[in-house]
Amino acid sequence: MSDETTDWLGGPGENERPDPVRAARGHAKPALPRRFYTETGFSEEAGGLRLTLDGRPANTPARNPLRLPNRVLAEKVAAEWAAQDTQIDPARMPLTRLANTAIDGVAPRHAAVVDDLCAYAGTDLVAYRAGDPERLVAAQGAAWDPILAWARDELGVQVILSEGIRHVEQPPATVRALSDAVAAVTDPFQLAGLHTLTTLSGSLLIALAVLRGHLTPAEAWAAAHVDETYQAEVWGRDAEAEARLEARRSEFEAAADFVGARR
């Protein structure tokens, strides 16, 4: 059985201590691992639904059970594996990669991930506004002011705005309220999704609005990319930039699936 196979499936050494360093090193090779299975699916276990490859339970790269919290996510992850060709390309598997992150990275480091997210409370994208041109100022206001109103009513936060890139200190009560909202997310799948939404958008407020069902993923993506949309309308669209943006959107949509994992 190859290294790639034993990283994903339990083998004869199932009871041996896992070696996440070897697993990570194996998956960092330039050559993509070959597809070693025919059928994909999932099976019910205590605590969730575990991905199966040819009927055998699958693992994460750190040899933890690759277990999803609900049927919707399990079906989507299984579909990602079914869609692979002769090789397994992680770039085409955003949900699987995020599941691995939730299980191997977020679950054992919950406090550190919360702290990392709380740092965004003082640097949120929607607090930093353009001074001109008027068209961009209006676009930012139309997209971001309703989010600030929702945050005020839902989270009890008052965000101070800044023009340009000049740093603005947010009130301690605002930072504390946002930090409390993040700390309340105890599910590792939701927290992994919230972290990805925040880092891709630059806005903890936008990410929390998706988590709480106030914004759809499409609305959140549009709000997070007001500036890029304006630049594309003024200067035209660049094919390479658009391709990169589309890849990021696929990650964003996967993260939105994860923040709704327990809803």
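All values reported here derive from a predicted model rather than from experimental measurement.

(A) Geometry of the overall build of the protein chain. Scanning the protein chain for helices and strands turns up 12 helices and 6 strands. When the 263 residues of the protein chain are sorted by exposure, 44% land in the buried category. For the protein chain, the computed accessible surface area is about 13,300 Å², with 53% contributed by carbon and sulfur atoms.

(B) Molecular detail of the pattern of salt bridges. Tallied over the entire structure, the rule returns 12 salt bridges. Where salt bridges share partners, they join Glu 45, Arg 50 and Arg 67 into one cluster.

(C) How the structure looks around the nonpolar core. Within the largest apolar cluster, 72 residues are counted, with the highest numbers of intra-cluster contacts made by Leu 155, Leu 191, Leu 194, Leu 205 and Leu 208. Take this core: its biggest share by element is 8 residues, from helix H9 (residues 204-211). When neighbours within four sequence positions are excluded, Leu 208 is seen to be in contact with Trp 150, Leu 155, Leu 178, Ala 181 and Leu 194.

(D) Up close: the side chain of Ser 201. As for its placement among the helices and strands, Ser 201 is situated in helix H8 (residues 188-201). Excluding anything up to four places from it in sequence, Ser 201 contacts Leu 125, Ile 206, Ala 224 and Phe 252.

(E) Helix H6 (residues 134-155), seen in detail. The terminal C-alpha atoms of H6, which comprises 22 residues, lie 30 Å apart, in line with the 32 Å expected from a rise of 1.5 Å per residue. At Trp 144, H6 shows its maximal bend, which comes to roughly 30°, and the proline Pro 146 appears one to four places after that position. For H6, the full list of buried residues reads Leu 136, Gln 140, Gly 141, Trp 144, Ile 147, Leu 148, Trp 150, Ala 151 and Leu 155. Elements that come into contact with the buried residues of H6 comprise strand E5 (128-129), helix H7 (172-183), H9, helix H10 (217-224) and helix H11 (226-235). After H6 finishes, the residue Gly 156 shows a positive phi value of roughly 75°.

(F) Seen up close, H7. Here H7 contains 12 residues, and its C-alpha end-to-end distance of 16 Å stays within 8% of the 16 Å for a straight helix at 1.5 Å per residue. On its buried face, H7 is in contact with helix H5 (110-118), H6, H8 and H9.

(G) Inspection of the side chain of Thr 60 at higher detail. Mapping Thr 60 onto the fold places it in the loop between strand E3 (56-57) and strand E4 (67-68). With a relative accessible area of 0%, Thr 60 lands in the buried category. A distance of 2.7 Å separates a polar atom in the side chain of Thr 60 from a polar atom in the side chain of Asp 104.

(H) How the structure looks around the environment of Gly 47. Relative to the elements of secondary structure, Gly 47 occurs in the loop between strand E1 (40-45) and strand E2 (48-53). Given the relative accessible area of 63%, Gly 47 is considered exposed. Residues Gly 47 and Leu 68 lie 21 residues apart in sequence; the distance between their C-alpha atoms is 8.4 Å.

(I) The pairing of E2, seen in detail. Across the 6 residues of E2, 6 count as buried, placing the element largely inside the fold. Across 6 bridges, E1 lies against E2 in antiparallel orientation. By the bridge assignment, Gly 41 is partnered in E2 with Thr 52. Between E1 and E2, which pair antiparallel and follow one another directly, the connecting turn spans 2 residues, one of which, Gly 47, has a positive phi of 95°. Alignment of E2 against E4, held across 2 bridges, turns out to be antiparallel. Along E4, the bridge assignment pairs Arg 50 with Arg 67. Sheet topology note: the E2/E3 ladder contains 2 bridges and is antiparallel. Paired with Thr 52 across the two strands is Pro 57, which belongs to E3.

(J) Region of the structure containing the packing of aromatic side chains. This model, assessed by the stated rule, comprises 4 aromatic pairs. The interplanar angle of 65° and the centroid separation of 5.3 Å between the aromatic rings of Trp 221 and Phe 252 together place this pair among those described as edge-to-face. Here the residue Trp 221 occupies a position in helix H10, and Phe 252 occupies one in helix H12 (residues 239-259), the gap between them amounting to 31 residues. Through a chain of ring-to-ring contacts, the aromatic side chains of Phe 36, Tyr 37 and Trp 81 assemble into a single cluster.

Conventions used here
- Residues numbered from 1 in each chain as written.
- Predicted model: local features only at pLDDT ≥ 70, side-chain atom pairs only at ≥ 80, totals over all residues.
- Heavy atoms only, no water.
- Helix = DSSP H or I, 4+ residues; strand = E, 2+ residues; numbered from the N terminus.
- Buried < 20%, exposed > 50% of the residue type's maximum accessible area, 1.4 Å probe, protein only.
- Areas by Shrake-Rupley, 256 points an atom, 1.4 Å probe, with all protein chains shown as cover.
- Salt bridge = Lys/Arg side-chain N within 4 Å of Asp/Glu carboxyl O.
- Core = buried A, V, L, I, M, F, W, Y, C linked by side-chain atoms within 4.5 Å.
- Contact = heavy atoms within 4.5 Å.
- Expected span 1.5 Å × (residues − 1).
- Bend = angle between axes of the 7 residues up to and from the residue.
- Polar contact = N/O pair within 3.5 Å; in protein donor to acceptor, adjacent residues only side chain to side chain.
- Pairing = 2+ DSSP bridges.
- Phe/Tyr/Trp six-rings, centres within 6.5 Å; stacked < 30°, edge-to-face > 60°.

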